[in-house]
Amino acid sequence: MEKMYYASKLANVSVKDRYLDEAFHLEVKNLLLLDPDRLLAGFRETAGLIKGLDDDGCIALMKGKKRYGGMWEDGLIGGHTLGHYVTALAQAVVNPVLSDSEKKDVSDRLTYILVALKQCQELVKGTEGEGFLFGASFPSKEFRDNPFLQFDNVEHGLQELFTQAWVPWYTMHKILTGLNASFKIAGDSLALEIANDLGIWIAKRTESWSEETNKVVLSIEYGGMNDCLYELYQINRDLKESGSELFHPEYERFAKAAHRFDDETLFEKVLSGEKNIFNNVHANTTIPKFIGALARYETFHEETRYLDYAEAFFDIVIGKHTYVTGGNSENEHFGEDDILDAERTNVNNETCNTHNMLKFARRLYEQTGKKKYLDYADRTFVNAIMPSQDHETGFTTYFQAMATGYQKVFNNLDGNFWCCTGTGYENFTKLQDGVFFEDKDKLIVALYMAAELKTECYLVAMDCDFAASDEVKILVTPAEGKSFTKDLYLVIPTWLKGEMTASINGKEYVATEKDGFIVIPKSELSGGCEIKVKLPMGITCHNLQDGENTYAFMYGPYVLSARLGTAKMMTKSHGVAVSVACEKAVDSDEVVIESEKSVEDFVANISDHLIKRDGEMEFDLTGTDKKLVFTTHYNQYKESYGIYWKFRV
Ligand SMILES: [Zn+2]
């Protein structure tokens with residue numbers, strides 16, 4: 001069965017927004033600065049050890065290069081970065097805004113890595129490790145003697161991060177996803193061969209599990225193993241159905257292996273309506289499991305219960321655990337239902353979580369057509385993903401503090417290979433994702449940004465600059481000899497302050513509204529035209545379930561954060577070598593209102609108190625004891641910030 005809508009292909013969409021264009025090119029530059037042989041070192045060593053090479057043989061195979069350091073790539077989670085890296089390269093290589101020389105470099109880099117991975121698989125052909133790819137470190141002789149030891153340990157419930165296992169299935173998910181992406185997005189058939197051989201190793205491994213072992217494996221973080229296996233199954237099934245010879249003859253095993261990673265007990269729990277079911281649950285372990293449930297429904301549409309699981313989980317996260325930016329979690333965990341103000345600290349909103357929730361929302365939209373998923377995607381892309389980058393270096397965040405007074409802390413190029421570093425590579429190589437969705441009769445504008453969609457049949461060019469104006473211009477141009485044959489659906493944003501209006505070729509157009517969109521029928525568009533849409537913007541106020549008087553502010557789609565200077569930007573190490581902010585730039589986040597009689601009145605009259613400077617995205621808070629200046633949160637990467645403030649009279 002078909003999806004309801006599908007996101008326009010990355011290769012067909014170009015981002016024209018200057019800030020985002022810079023963000024993308026910074027990311028590409030950094031990806032190319034990394035040494036592929038160092039990212040591959042662990043994979044080559046693993047293959048060498050399985051083959052029985054001695055130390056010198058392994059060193060030669062590794063081209064004398066070592067894994068990167070920083071306790072992640074040279075730890076038991078080593079190799080996860082290469083998975084993200086391959087996904088990012090596959091996304092980048094099809095991006096129409098790459099220059100020719102960048103495109104050549106990215107394409108060569110992707111090919112280099114895929115060829116190297118294939119060589120690793122060739123080396124272990126005929127051994128018990130046939131198809132296996134892995135890049136983790138070998139902390140002791142025991143690990144060198146048995147390169148599968150982490151997987152053995154997980155099956156026995158052993159999970160000490162430095163001596164037993166650091167989530168090997170999580171890492172495997174990243175690797176297989178990268179290979180899938182290289183075929184699905186970049187069309188590389190070598191990647192599919194590698195993925196299929198790896199898929200068979202995975203299938204074999206899961207087929208050996210008893211029910212009991214399966215349960216033990218599911219108790220330890222395994223990323224989205226169900227998601228990537230359903231995806232690989234779908235890729236092969238589609239190839240077979242389309243008459244291609246590229247599919248693997250045993251691809252049915254991938255779906256069976258995927259089922260092994262579906263945690264039915266957990267899935268059923270989200271439908272129970274039980275309170276606090278995710279209290280103290282690791283967020284980034286859990287979110288991908290439900291993306292996997294959605295993947296099962298995407299693959300087998302008759303299994304509608306899996307869509308129910310996915311939608312119910314999404315609603316719980318959004319309804320009970322999400323801040324104004326779209327982010328969630330405190331120190332990587334969900335808290336009690338609706339406890340958000342009390343959990344604002346220096347370690348909220350892990351980037352992996354927002355990355356996964358954004359992906360989840362867009363895929364839920366493709367399946368259901370429900371606008372609420374686009375609303376969340378808009379919020380999160382603009383206020384959690386865009387703000388996760390240092391716009392000078394291109395490096396990205398692990399956490400974004402929701403406590404007031406901390407700064408963002410970014411990774412560096414070659415020392416912090418955190419989980420979120422990898423999702424950062426992915427985020428900034430697909431900035432055009434989810435701007436447009438389509439089916440055969442409709443074109444949906446889901447996110448307003450300067451961007452173009454170009455197909456064989458038409459060009460749709462959207463232009464806007466919300467810092468300067470609330471107007472969006474959309475130019476529809478059919479290709480020569482063609483006419484535009486789709487109805488245009490323009491999303492009505494949740495952040496509007498007033499009525500959305502449209503004009504076509506300079507004349508006011510009274511559009512029909514349908515399910516949260518305004519609709520312009522193809523009859524108006526067939527020969528091409530210019531549409532102008534007005535999206536009135538203003539300040540909106542957002543408090544928290546457990547913080548009646550704790551408010552954040554938005555201007556249009558942008559969450560605002562107060563500029564708090566550079567004097568207190570200290571960091572410390574947290575968890576496994578993760579840098580976090582540790583000193584607040586303000587003594588208190590309390591703001592005393594001097595201009596109104598109550599917080600309620602202050603909020604009701606906020607446009608009199610938080611005042612935009614002409615032509616700038618700078619906002620002055622007035623009528624209070626603190627003289628704060630707010631700006632858009634996404635470009636706050638140089639100083640401490642405050643999104644939430646506690647108001648009182
Ligand atoms: Zn992360």
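Note: the structure precedes this text.
Quick caveat: nothing in here was measured; it's all calculated off a predicted structure.

Caption draft 1: Main features of the pattern of salt bridges. Scanning the entire structure with this criterion turns up 39 salt bridges. The partner of Glu 264 in a salt bridge is Arg 296, and the shortest N-O contact between them spans 3.5 Å. Of this pair, Glu 264 sits in helix α13 (residues 264–270) while Arg 296 sits in helix α14 (residues 283–299), and the two are 32 residues apart along the sequence. On the basis of relative accessibility, which here comes to 32%, the residue Glu 264 falls in the partly exposed class. Judged by relative accessible area, which is 9%, Arg 296 ranks as buried. Beyond isolated ion pairs, a larger network of salt bridges with shared partners links Asp 35, Asp 37, Arg 44 and Lys 65.

Caption draft 2: Representation of the sheet that holds strand β1 (residues 6–7). Spatial ordering of the open sheet is given by β1-β3-β4-β8-β12-β11, a layout of six strands whose pairing is mixed. In this open sheet, the two strands that pair with only one neighbour each are β1 and β11 (512–514). Contacts between helix α16 (residues 351–368) and the sheet are confined to β1, β3 (436–438), β4 (442–445) and β12 (517–520), with β3 contributing the most and set at about 25° to the helix.

Caption draft 3: Geometry of the coordination of the zinc ion. With distances of 2.2 to 2.3 Å, the protein atoms coordinating the zinc ion are Glu 350 (OE), Cys 352 (SG), Cys 419 (SG) and Cys 420 (SG). Around the zinc ion sit four donor atoms; with metal-centred angles ranging over 98 to 119°, the donor geometry is tetrahedral. Counting the intervening residues between successive donors of the zinc ion yields the motif E-x1-C-x66-C-C. Of this pair, Cys 352 sits in helix α16 while Cys 420 is found in helix α18 (residues 419–427), placing the two residues 68 residues apart along the sequence. The two residues Cys 352 and Cys 420 agree in class, both being buried.

Caption draft 4: Focus on the pairing of strand β5 (residues 451–454). Residues of β5 alternate between two faces, with Ala 451 and Leu 453 buried on one and Glu 452 and Lys 454 left unburied on the opposite face. Relative to β5, strand β2 (residues 13–15) runs antiparallel, the two being bridged by three bridges. Looking across to β5, one finds that Val 15 is bridged to Ala 451. Linking β5 to strand β6 (residues 458–464), which pair antiparallel, is a turn of three residues.

Thresholds, definitions, all that
Residues numbered from 1 in each chain as written. Predicted model: local features only at pLDDT ≥ 70, side-chain atom pairs only at ≥ 80, totals over all residues. Heavy atoms only, no water. Salt bridge = Lys/Arg side-chain N within 4 Å of Asp/Glu carboxyl O. Helix = DSSP H or I, 4+ residues; strand = E, 2+ residues; numbered from the N terminus. Buried < 20%, exposed > 50% of the residue type's maximum accessible area, 1.4 Å probe, protein only. Pairing = 2+ DSSP bridges. Contact = heavy atoms within 4.5 Å. Axes fitted to C-alpha atoms, helices over the stretch in contact; angles between N-to-C directions. Donors = N, O, S within 2.8 Å, 3.2 Å for Na, K, Ca; no water. Tetrahedral: all angles 85-135°; square planar, octahedral: opposite > 155°, others 65-115°.

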